[in-house]
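Structural characterization, general
As a plain string of letters, each chain reads:
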Amino acid sequence: MYYNNDTVLESCMKLAAIPVMGGLMGVAAIMINILLDVLMAVPFWIFWTIFRIGDKYFYFLPEIYHSISLWHCISIFICLETIRWVLLKNSSSVNSKSSG
């Protein structure tokens with residue numbers, strides 16, 4: 001059987017592109033999650049520090065938590081999102097194994 005080298009090469013390139021596209025889509029999803037965390041953390045930080053909600057309603061917390069920096073607030077949001085993702089992913093895989 002006769003194969004055209006260009007056709008075989010194009011087929012191989014299409015197959016090789018699938019993991020690359022999956023990787024790029026995964027990186028894009030992570031970047032979108034980080035962007036959403038930043039967009040949620042900034043208003044939270046403004047209300048917490050500038051409008052002093054931390055002082056008014058969370059007076060029982062240590063003083064260091066009443067005026068956190070913006071980068072610490074963003075880091076907390078990203079860490080909580082990561083922990084939530086890990087816990088929900090593990091719990092959904094446990095539920096799917098036990099139901100089947």
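This write-up is about the structure you can find in this document. Only a predicted model underlies this, so the values are computations on that prediction, with no experimental measurement involved.

Let's shift gears to the overall build of the chain. Helix and strand content of the chain: 3 helices and 0 strands. When the helices and strands of the chain are placed in sequence order, the string is α-α-α. Taken over 100 residues, the chain has a buried fraction of 10%. Put simply, the chain shows about 8,400 Å² of open surface, and 74% of that area lies on carbon and sulfur atoms.

As a further point, take a nonpolar patch on the surface. A surface patch of nonpolar side chains, amounting to about 420 Å² of accessible area, comprises Val20, Met21, Leu24 and Met25. In this structure, Met25 sits in helix α1 (residues 5-50).

Here the focus is the pattern of salt bridges. Tallied over the full model, the rule gives 2 salt bridges. We note a salt bridge from Arg52 to Asp55, for which the minimum N-O separation is 3.0 Å. We classify Asp55 as partly exposed; its relative accessible area is 26%. Among the ionic pairs, Arg84 bridges to Glu81, the shortest N-O distance being 2.7 Å. Within this pair, Arg84 and its partner Glu81 are both found in helix α3 (residues 70-99), separated by 3 residues, close to a single helical turn.

The final tally for this structure, using the stated rule, is 6 aromatic pairs. A connected cluster of aromatic rings, assembled from ring pairs, spans Phe44, Trp48, Phe58, Tyr59, Phe60 and Phe77.

Approximately 210 Å³ is the volume found for the largest pocket. When contributions to the lining of the largest pocket are tallied by element, the ones reaching two or more residues are α1 and α3. Split into classes, the residues belonging to the lining of the largest pocket amount to 4 nonpolar, 2 polar and 2 charged. Of the pockets and cavities examined, the second largest pocket occupies roughly 160 Å³. For the second largest pocket, the full set of lining residues is Phe44, Trp48, Leu61, Tyr65, Ile68, His72, Cys73, Ile76, Phe77 and Leu80. Listing elements by their share of the lining of the second largest pocket, those giving two or more residues are α1 and α3. Here the lining of the second largest pocket takes 5 residues from α3, the largest share from any one element. The residue inventory of the lining of the second largest pocket, partitioned by class, reads 9 nonpolar, 1 polar and no charged.

The rules behind these values
- Residues numbered from 1 in each chain as written.
- Predicted model: local features only at pLDDT ≥ 70, side-chain atom pairs only at ≥ 80, totals over all residues.
- Heavy atoms only, no water.
- Helix = DSSP H or I, 4+ residues; strand = E, 2+ residues; numbered from the N terminus.
- Buried < 20%, exposed > 50% of the residue type's maximum accessible area, 1.4 Å probe, protein only.
- Areas by Shrake-Rupley, 256 points an atom, 1.4 Å probe, with all protein chains shown as cover.
- Patch = residues over 30% accessible without salt bridge, like charges linked within 9 Å, V, L, I, M, F, W, Y side chains within 5 Å.
- Salt bridge = Lys/Arg side-chain N within 4 Å of Asp/Glu carboxyl O.
- Phe/Tyr/Trp six-rings, centres within 6.5 Å; stacked < 30°, edge-to-face > 60°.
- 1 Å grid on protein atoms, 1.4 Å probe; cavity = no way out; pocket = protein on both sides within 12 Å on 5 of 7 lines; lining within 4 Å.
- Points joined across faces, edges and corners; volume = space filled by probe spheres on them.
- Nonpolar A, V, L, I, M, F, W, Y, C, P; charged D, E, K, R; others polar.

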